[in-house]
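Listed below, chain by chain, are the residues.
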There are 4 protein chains.
Amino acid sequence: MKVIVDLCVVPIGVGVSLSTYVAACEKLLAQSTLVYNLHANGTNIEGEWDAVFAIIKQCHEVIHQMGAPRIFTTLKVGTRIDKTQHMGDKISSVQEKL
Amino acid sequence: MKVIVDLCVVPIGVGVSLSTYVAACEKLLAQSTLVYNLHANGTNIEGEWDAVFAIIKQCHEVIHQMGAPRIFTTLKVGTRIDKTQHMGDKISSVQEKL
Amino acid sequence: MKVIVDLCVVPIGVGVSLSTYVAACEKLLAQSTLVYNLHANGTNIEGEWDAVFAIIKQCHEVIHQMGAPRIFTTLKVGTRIDKTQHMGDKISSVQEKL
Amino acid sequence: MKVIVDLCVVPIGVGVSLSTYVAACEKLLAQSTLVYNLHANGTNIEGEWDAVFAIIKQCHEVIHQMGAPRIFTTLKVGTRIDKTQHMGDKISSVQEKL
């Protein structure tokens, strides 16, 4: 089952700047074969369900190892079985209607 | 790693009433050993990371099997390593301050 | 336009315990005429769009006044024009199918 | 109060393709003076709180007028009073740490 996810991790109890922790997740993604794209409020990730959720678990593990006592993550998770759709397709299908 | 999740599944392409699909997820949860609680905008679930995310994947699989071509799910995912906290603790720690 | 919202405020840069800040929001809600219900991952609120979003803005203002330099809030926002539906209806329509 | 929002509208009861409805929101944003950016799982919007939430309300109104009986929207809402931060700053502060 393919999935397109929006991942947004918020470490809690580490002060006001969170970018070092987000960068740690980006590094995990860079080492994977998943397609991903950082945006201003999260990171979109595309791939097989198990591979995507394995990385998300790793993000939590790594951020805790970096010292964050608590993490609050929000996810949007999209699956569909009617057709194959990539992240770029979602954007272009909107842009075609503008 | 323990996790407290808020799960909200929105099947797309099956009309305006979604409760049959949400009920299918509740049945999966009822068959598990996870602690969970249905509320007006989702279901809070508490347990080990792998067990919780296995159920979430099953929810997607079952809802697709029921005929939904597309699913949009939102998740809030909380982990902490500084202390053990259950769902009821989160509510009571707020209520103590009212 | 009636709306049912799930509000979850996460103050950032105030340490690991957030319940004092969540309680401040609950107090704002208690002073309003809105229907609301605290759960383990947020607070469900029901009412007219403008009244609900006015309270959400007030929550941000109050939490900043309490000293939080940064706030990350997640919202689920449901509107429908086909029928009147209250928060309790959403829960019971699922429970009827169990 | 400045806000950076991630807006994701999901019309319910209009079939499986949602891009026409998302495009209607993009048109509202294009007519505004707000800074915004469409991504694969939503649209990031930056501006004054009242202006941003006025547009979000308009999105719901327009999508209902287009025939959607029900809408499920998810929002991430970020405010901060310690410094001025734009959407591009959030991305570059992560990229500097890679």
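Refer to the structure above for everything that follows.
Just so you know, these numbers come straight off a predicted model, no measurement behind them.

(A) Summary view of the relation of the copies chain C and chain B. Least-squares fitting of chain C to chain B yields an RMSD of 0.0 Å, with the transformation described by 0.0 Å of translation along the axis and a rotation of 180°. Here the two chains are linked by the operation of a two-fold rotation axis. Considering only C-alpha atoms, the residue of chain C closest to the rotation axis is H39 of chain C, which sits at 3.7 Å. Same-surface contact between copies: 100% of interface residues of chain C are shared with the interface of chain B.

(B) Main features of the interface of chain C and chain B. With 29 residues of chain C at the contact, the number on the chain B side is 29 residues. Counting each side, the surface lost to burial between chain C and chain B is near 2,400 Å², with a carbon and sulfur contribution of 61%. Looking only at chain C, the three residues that lose the most surface to chain B are A40, N41 and K76 of chain C, adding up to 25% of its buried area. The interface formed by chain C and chain B holds two salt bridges in total. Note that D6 of chain C is salt-bridged to K76 of chain B, the shortest N-O span being 2.7 Å. Applying the counting criterion to the chain C and chain B interface returns 18 residue pairs in polar contact (both at pLDDT 80 or more). Of all the elements in the fold, those that place two or more residues in the side of chain C that touches chain B are β1 (2-12), α1 (19-31), β2 (35-39), β3 (42-48), β4 (70-80) and α3 (87-95) of chain C. Taken together, the residues of the side of chain C that touches chain B break down into twelve nonpolar, nine polar and eight charged.

(C) Inspection of the packing of helix α2 (residues 49-65) of chain C against helix α2 (residues 49-65) of chain D at higher detail. Direction vectors running N to C along α2 of chain C and α2 of chain D enclose 150°, while the axes themselves pass 12 Å from each other. When the interaxial angle is binned, α2 of chain C and α2 of chain D end up roughly antiparallel. Considering how the two elements wind past one another, α2 of chain C and α2 of chain D form a crossing that is right-handed. The segment α2 of chain C lies against α2 of chain D, with W49, D50, F53, I56, K57 and H60 of chain C engaging W49, D50, F53, I56, K57 and H60 of chain D. A per-class count over the contact of α2 of chain C with α2 of chain D returns six nonpolar, two polar and four charged.

(D) Molecular detail of the side chain of S19 of chain C. Looking at the secondary structure, you find S19 of chain C in helix α1. Owing to a relative accessible area of 7%, S19 of chain C belongs among the buried residues under this scheme. In contact with S19 of chain C, not counting residues within four places along its chain, are S93, V94 and K97 of chain B.

(E) Main features of the interface of chain C and chain D. Contacts between the two partners involve 26 residues from chain C, matched on the other side by 26 residues from chain D. Both faces considered, chain C and chain D share a buried interface measuring about 2,200 Å² in area, 61% of it formed by carbon and sulfur atoms. Of all residues in chain C, W49, K57 and R70 of chain C give up the largest surface area on contact with chain D, accounting jointly for 22% of the area buried on that side. Counting across the interface, chain C meets chain D through two salt bridges. Ionic pairing is found between K57 of chain C and D50 of chain D, a salt bridge with its closest N-O pair at 3.0 Å. There are 13 residue pairs in polar contact (both at pLDDT 80 or more) connecting chain C and chain D. Secondary-structure elements contributing two or more residues to the side of chain C that touches chain D are α2 and β4 of chain C. It is β4 of chain C that contributes the most residues to the side of chain C that touches chain D, eleven residues altogether. As judged from the eleven bridges shared by β4 of chain C and strand β4 (residues 70-80) of chain D, these two strands associate in the antiparallel manner.

(F) Structural view of the relation of the copies chain C and chain D. For the pair chain C and chain D, the superposition axis carries a translation of 0.0 Å, the fit reaches an RMSD of 0.0 Å, and the rotation angle comes to 180°. Looking at the interface residues of chain C, 100% of them are also at the interface in chain D, so both copies use one shared face.

(G) Representation of the sheet that holds β2 of chain C. If you trace the eight strands from one edge of the open sheet to the other, you get β2(C)-β3(C)-β1(C)-β4(C)-β4(D)-β1(D)-β3(D)-β2(D), paired in antiparallel fashion. Because the sheet does not close on itself, it has two edges, and the strands there are β2 of chain C together with β2 (35-39) of chain D. Across this sheet, the average inter-strand angle for adjacent strands is 20°, counted without regard to direction.

(H) A look at the environment of K76 of chain C. Here K76 of chain C is to be found in strand β4. We classify K76 of chain C as buried; its relative accessible area is 4%.

(I) A look at the pattern of salt bridges. Tallied over the full model, the rule gives 20 salt bridges over all chains. In this structure, the salt-bridge partner of D82 of chain C is R80 of chain C, at a minimum N-O distance of 2.9 Å. Each of D6 and K76 of chain A together with D6 and K76 of chain D takes part in a single network of salt bridges with overlapping partners.

(J) Focus on the environment of N37 of chain B. Residue and element names in this part refer to chain B. Tracing the chain through its elements places N37 in strand β2 (residues 35-39). For the pair formed by N37 and D6, sequence separation is 31 residues and the distance between their alpha carbons is 9.4 Å. Filtering out sequence-adjacent residues up to four positions away, N37 remains in contact with G42, T43, N44 and M87.

(K) Spotlight on the pairing of β4 of chain D. Residues and elements named next belong to chain D. Most of β4 sits inside the fold, with ten of its eleven residues counted as buried. Sheet topology note: the strand β1 (residues 2-12)/β4 ladder contains nine bridges and is antiparallel. Note that in β4 the partner of P11 across the bridge is I71.

Thresholds, definitions, all that
- Residues numbered from 1 in each chain as written.
- Chains lettered and ligands numbered in written order.
- Predicted model: local features only at pLDDT ≥ 70, side-chain atom pairs only at ≥ 80, totals over all residues.
- Heavy atoms only, no water.
- Least-squares fit on C-alpha atoms with pLDDT ≥ 70 in both.
- Contact = heavy atoms within 4.5 Å.
- Buried area = accessible area lost by both parts, 1.4 Å probe.
- Salt bridge = Lys/Arg side-chain N within 4 Å of Asp/Glu carboxyl O.
- Polar contact = N/O pair within 3.5 Å; in protein donor to acceptor, adjacent residues only side chain to side chain.
- Helix = DSSP H or I, 4+ residues; strand = E, 2+ residues; numbered from the N terminus.
- Nonpolar A, V, L, I, M, F, W, Y, C, P; charged D, E, K, R; others polar.
- Axes fitted to C-alpha atoms, helices over the stretch in contact; angles between N-to-C directions.
- Parallel < 35°, antiparallel > 145°, perpendicular 65-115°, else oblique.
- Left-handed = near helix turned anticlockwise from the far one by under 90°.
- Buried < 20%, exposed > 50% of the residue type's maximum accessible area, 1.4 Å probe, protein only.
- Pairing = 2+ DSSP bridges.

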